[in-house]
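Secondary and tertiary structure notes
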Amino acid sequence: MHSNKAPLARRFNATFSGLVFGVVACLAVPLPAAAEYNLPSLGDTSSSIMSAQQEYQLGRAWLSMLRGAVPTMDDPLIKSFIEHHVYGIAETSQLEDRRLAFVLIDSPQLNAFAAPGGVVGVNGGLFLNAYTEAEFASVMAHELAHLSQRHFARNLQQQERMRIPMMTAMLAGVILAAAGGGDAGIAALASTQAAAIQEQRRFSRQNEQEADRIGLTNLERAGYDPEAMPDMFERLAQMGRFNRNPPEFLLTHPVTQSRIADSRNRAEQLANGGKSDSVEYQMMRARIQLHYEQSPGLAAQRFRILLEEHDGDHAAARYGLVLALTRSGQNEEAAKTLQPLLAEHPDDVAVNLAAVDLDISLGELTQALQRVDRLLKINPDSYPLQEAKADILLRARRYAEAERVINRLASQREGDPDVWYLAAEIRGLAGNIVGVHTARAEYFMLAGDLDQAAEQLDLAQVRAGDDYVRRARIDARKQSLAEQRATIENL
Ligand SMILES: [Zn+2]
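Residues numbered from 1 in each chain as written. Predicted model: local features only at pLDDT ≥ 70, side-chain atom pairs only at ≥ 80, totals over all residues.

Turning our eyes to something else, we now look at the environment of Ile360. Mapped onto the fold, Ile360 is located in helix α16 (residues 349–361). Assessed through the 17 C-beta atoms surrounding it within 10 Å, Ile360 is described here as partly exposed. Once the C-alpha coordinates of Ile360 and Thr326 are considered, the two residues, 34 residues apart in sequence, prove to be 9.7 Å apart. Among all residues touching Ile360, those that are not within four sequence positions of it are Leu365, Ala368 and Arg395. (Helix = DSSP H or I, 4+ residues; strand = E, 2+ residues; numbered from the N terminus. Buried ≥ 20, exposed ≤ 12 C-beta atoms within 10 Å, placed from the backbone. Contact = placed C-beta atoms within 7 Å.)

Rendered as structure tokens:
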């Protein structure tokens, strides 16, 4: 898997991603000043300065700038795990507008955030620190509650006066960073950030309590064990106690003993017997652990020890060991380790894709393709499977077929820059020059580089010649690009 696609992003890693929550908090500024009590719902625009649609566009424009400035992970299995589970939690939530967009940030630091426009961000580090699926879900339920209660709009009302200059400075920092200003942009961002966090702390306690309360109720409604929320808080409190540099999430979400006790009491009053964990979640954790381990060899050692401690009966440790062995080229041991897992989970997508990785490592592309095709019959719209199929066809130099697969996937995930990145690569090899430029334009629009997006659309138009249908489609994208630019400039 390639990651960190945005070329600028690589330089910035962990320091930057730790700042995210505050950036989000500052986004509250241009949102409508809703009445403090009796908040209008997202659909009710009559009492708002800014319509729900404008709020949506603003959030998405901000997301594209964020993507241009922080390193992201493009792991289809983890991305689709997050999407699937957060949509599941949203279903029983009070969130009215459920058009969500996700970003998976490549940082081992614990953080998660929600921004207006239904933007949900997760750091890789959340998987490291949430030990069970229910703990992961408890953080997501809390973040969704910030969205459903429109806390950003409420913050705005309290902080309107002082926030506007800070917002301007903050966005200047983000844009400078995204435009390649490098350290200067980061420094501008960091200094406004410090002030933002202090300000945020003063006003956010009520919002945090409300997000805890509503998030907890929803956690239980979504079928999870509500005790996971106080469990997660206790872990956070411990991290704060034993860590000289506590994770960013703790700065915006201070965990006090009363907060733990409060959520523990409430959880005990709710129905029990909800889901607490799953093999699937533990497998995703293993992927993340492998990603942040110094080397696949070291990861293999750790997974092997864990597996031996459980007498070979620990699916996630076995799964992690297979991936680590495959990545370090120990194909024979990987195949032997994989066997019992595949026997136990013959139709599992993650397990089969581990087998596909091994097939590819052995040069067995035909077998890899057969495996993916069999699973696609069961899950025809699976993102990880379609991506794997496109990848295998690309490796097999069957470019025309690869292009058909990636085009279908792009039509299903038109807001996903990772898919457009791969589409551009495949279309190039397939000789579809107009298609390369339009795919790159989509990628740059989603990754916050609007100048490059415009350039790619111009190139596409020149190459499209007299093809009226294509020209019309390119014109429509130019229009969208102009709208996105106007949204950003109006910030
Ligand atoms: Zn919160």
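Next comes the rest of the write-up.
A few words now on the sheet that holds strand β3 (residues 119–123). Taken together, the 3 strands give an open sheet; going across it, the order is β1-β3-β2, and neighbouring strands pair in mixed fashion. Every other strand in the sheet has two partners, leaving β1 (101–105) and β2 (112–115) as the edge strands with one partner each. Strand-to-strand, the axes of this sheet are offset by a mean angle of 15°, without reference to chain direction. Taken together, the 4 bridges between β2 and β3 define a ladder with antiparallel strand orientation. (Pairing = 2+ DSSP bridges. Axes fitted to C-alpha atoms, helices over the stretch in contact; angles between N-to-C directions.)

Turning next to helix α17 (residues 365–378). Compared with the 20 Å implied by 1.5 Å per residue over 14 residues, the 21 Å span of α17 between its first and last C-alpha is a close match. Restricting attention to buried positions, one finds in α17 the residues Ala368, Leu369, Arg371, Val372 and Leu375. Around the axis of α17, the buried residues are gathered within 160° of arc, so they sit on the same side. Looking at α17, the residues exposed on the side facing more than 90 degrees away from the buried face are Thr366, Asp373 and Lys377. Close packing links the buried residues of α17 with α16 and α18 (383–395). (Expected span 1.5 Å × (residues − 1). Arc of directions from axis to C-beta.)

Glancing now at the nonpolar core. With 120 residues, the main nonpolar core has Ala137, Tyr319 and Ala354 as its most contacted residues. Taken together, domain 1 (9–269) and domain 2 (397–491) each give at least three residues to this core, which thus spans both. (Core = buried A, V, L, I, M, F, W, Y, C linked by C-beta atoms within 7 Å. Domains from an automatic or database assignment.)

For the α-helix, the turn length of 3.6 residues means that residues three or four positions removed from each other point alike. The end-to-end C-alpha distance of helix α20 (residues 417–429) is 19 Å, a good match for the 18 Å that 13 residues give at a rise of 1.5 Å each. With 10 of 13 residues buried, α20 is to be regarded as a mostly interior element. All buried positions along α20 are accounted for by Pro417, Asp418, Val419, Trp420, Tyr421, Leu422, Ala423, Ala424, Ile426 and Arg427. Considering only its buried residues, α20 is in contact with α3 (52–69), α18, α19 (399–412) and α21 (433–446). Phi turns positive, to about 80°, at Gly431, one or two residues after α20.

A word on the confidence of the model for the chain. Caution applies to low-pLDDT parts of the model: their predicted coordinates are not meant to be read in detail. Mean pLDDT over the chain works out to 82, with 76% of the residues at or above the 70 mark. Under a pLDDT of 50 for its full length, residues 1–49 has, in the predicted model, 126 contacts with residues more than four places off or in other chains. Below pLDDT 50 for its whole length, residues 161–168 participates in 11 contacts with residues either more than four positions away or in separate chains. (pLDDT = per-residue confidence, 0-100.)

At a minimum axis distance of 8 Å, the contact between α16 and α17 shows a crossing angle of 165°. By the angle class used here, α16 and α17 are roughly antiparallel. Where α16 crosses over α17, the two elements pack in a sense that is left-handed. Between α16 and α17, the contacting residues are Val349, Asn352, Ala355, Val356, Asp359 and Ile360 on the first element and Leu365, Gln367, Ala368, Arg371, Val372 and Leu375 on the second. Partitioned by chemical class, the residues of the contact of α16 with α17 number 8 nonpolar, 2 polar and 2 charged. (Parallel < 35°, antiparallel > 145°, perpendicular 65-115°, else oblique. Left-handed = near helix turned anticlockwise from the far one by under 90°. Nonpolar A, V, L, I, M, F, W, Y, C, P; charged D, E, K, R; others polar.)

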